[in-house]
Amino acid sequence: MLSLPGAAQAQGTSQEKFVRALDRMMVQLGPQSARASKTIRQVYTPHGKFLVLDRFSDLEGALVNGGLAPLPADPLRFNIAPRLEGQYPIGEKDLENQISYIAARPATIGALLDIASRVKSGPIEITSLVRHSEYQGALRATNKNATTSVPMHTMGLAFDIALVNTPLETVFEIRDVLQRMRDNGEILFIGERRQLVFHVVPHPSRLGH
């Protein structure tokens, strides 16, 4: 059964049709998501010991030394809507320090800004950026998708685009933008069927951007 966060828990025929449409899309994306997952494991596993942020102090240090970059001020001006409240907000396990989790590696923020600039029908909602390993451990208790062999969020190399609060027209536009950028060798992305998000990672060739 699907895990339906946010608006997807609402009752009603139109919402049920919406969720079914998202599920069909994720099923269709299944083969490419599997290939992307395999590629991510292959290319990023060797970088884990250098990039993983083990605890909050490591995350804070990376923010100070430039290893992590925050989202720009007024992200909505860049067509990005970070989820800061409601169900499953960014930094939900450490809301006192939420602002520190609205960040990622510079290449990751760059990829996010690039994607957002290409989506014309509405803003993209972001529910996850950087985490640290202790946070990831706490998250596993409530989110099975937090269990992964290559924890890209704890490397600061991933963000999640939520879909359940997004009009279907914009969902499909986001998908099409991601597919074009994937085909151009700019990003890798996985459609997560349980959580109904796109998990996006910059292609290794973009890490110097």
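Let me sum up the structure you'll find in this document. What you see is a predicted model, and the numbers here were worked out from it, not measured in a lab.

Parameters at a glance
Just so you know, the residues in each chain are numbered from 1, in the order the chain's sequence is written. Given that this is a predicted model, residues contribute local features only at a pLDDT of at least 70 and side-chain atom pairs are listed and counted only at 80 or more, while totals for whole chains, interfaces and linings are drawn from all residues. Where side-chain values are given, they derive from all heavy atoms of the structure, hydrogens and water being excluded. Comment: axis = line fitted to C-alpha atoms, over the contacting stretch for helices; angle = value between 0 and 180 degrees taken between N-to-C directions. Strands here mean DSSP runs of E at least two residues long; helices mean DSSP runs of H or I at least four residues long; both are numbered from the N terminus. These descriptions rest on fixed angle ranges, namely under 35 degrees for roughly parallel, over 145 for roughly antiparallel, 65 to 115 for roughly perpendicular, and the rest for oblique. When the near helix sits turned anticlockwise from the far one by under a right angle, the crossing is termed left-handed; a clockwise turn instead gives a right-handed crossing. In this analysis, two residues are considered to be in contact whenever any of their non-hydrogen atoms come within 4.5 Å of each other. The buried label goes to any residue with under 20% of its type's maximum accessible area, the exposed label to any with over 50%, and the partly exposed label to all in between, with areas taken from a 1.4 Å probe on protein chains only. Whenever two N or O atoms come within 3.5 Å, that pair is a polar contact, provided that in protein one can donate a hydrogen and the other can accept it, and provided that, for residues adjacent in sequence, both atoms are side-chain atoms. Space inside and on the surface of the protein is sampled on a 1 Å grid over the protein atoms alone, with a cavity defined as a set of points where a 1.4 Å probe fits but cannot get out and a pocket as an open set with protein on both sides within 12 Å along at least 5 of 7 lines; lining residues have an atom within 4 Å of a point. Grid points are joined across faces, edges and corners, and a volume is the space filled by probe spheres set on the points. Throughout, the ten residues Ala, Val, Leu, Ile, Met, Phe, Trp, Tyr, Cys and Pro are labelled nonpolar, Asp, Glu, Lys and Arg are labelled charged, and all others, Gly among them, are labelled polar. In a helix, the anticipated span is given by 1.5 Å times the number of residues less one. What the arc describes is the spread of directions from the helix axis to the C-beta atoms.

**Thoughts on the packing of helix H5 (residues 106-118) against helix H7 (residues 168-183)**
Two numbers describe how H5 lies on H7: the axes approach to 9 Å, and their chain directions differ by 125 degrees. When the axes of H5 and H7 are compared, the pair comes out oblique. Judged by the sense of rotation from one axis to the other, the crossing of H5 with H7 is right-handed. Across from Ala111, Asp114, Ile115 and Arg118 in H5, the residues of H7 making contact are Glu173, Val177, Leu178 and Met181.

**Describing the side chain of Thr166**
Along the chain, Thr166 falls in the loop between strand S5 (159-162) and H7. Given the relative accessible area of 5%, Thr166 is considered buried. A polar side-chain atom of Thr166 sits 3.5 Å from the main-chain carbonyl oxygen of Ala162.

**What about unusual backbone geometry?**
If you check the backbone angles, Asp74 has positive phi at about 55 degrees while not being a glycine. Within the fold, Asp74 resides in the loop between strand S1 (69-70) and strand S2 (80-82). A residue is classified by how much of its surface remains accessible, and Asp74, at 47% relative accessible area, is partly exposed. A positive phi angle, near 55 degrees, is found at Leu196, a position not held by glycine. Along the chain, Leu196 falls in the loop between strand S6 (187-192) and strand S7 (197-202).

**Quick notes on the layout of surface pockets**
Volume-wise, the second largest pocket comes out at about 160 Å³. What lines the second largest pocket is simply Leu63, Pro70, Leu71, Pro72, Ala73, Pro75, Pro82, Leu84, Ile99, Ser100, Ile102 and Ala103. Per-class residue counts for the lining of the second largest pocket are eleven nonpolar, one polar and no charged.

**Looking at the environment of Ile40**
Within the fold, Ile40 resides in helix H2 (residues 30-44). Under the relative-accessibility criterion, Ile40 is labelled buried at 4%. Separated by 110 residues in sequence, Ile40 and Val150 have C-alpha atoms that sit 7.7 Å apart. With residues up to four places along the chain from it excluded, the contact list for Ile40 reads Thr45, Met152, Leu188, Ile190 and Val201.

**As for H2**
For an α-helix, 3.6 residues make a turn, and residues three or four places apart therefore share a direction. Under the 1.5 Å per step criterion, the end-to-end length of H2 is 21 Å for 15 residues, consistent within 8% with the ideal 21 Å. The set of residues buried in H2 consists of Gln32, Ser33, Ala36, Ile40 and Tyr44. Along the long axis of H2, the arc covered by the buried residues comes to 100 degrees, so they all point the same way. Within H2, the exposed residues directed more than 90 degrees away from the buried face are Arg35 and Gln42. On the buried face of H2, the contacting elements are helix H3 (48-51), H7, S6 and S7.

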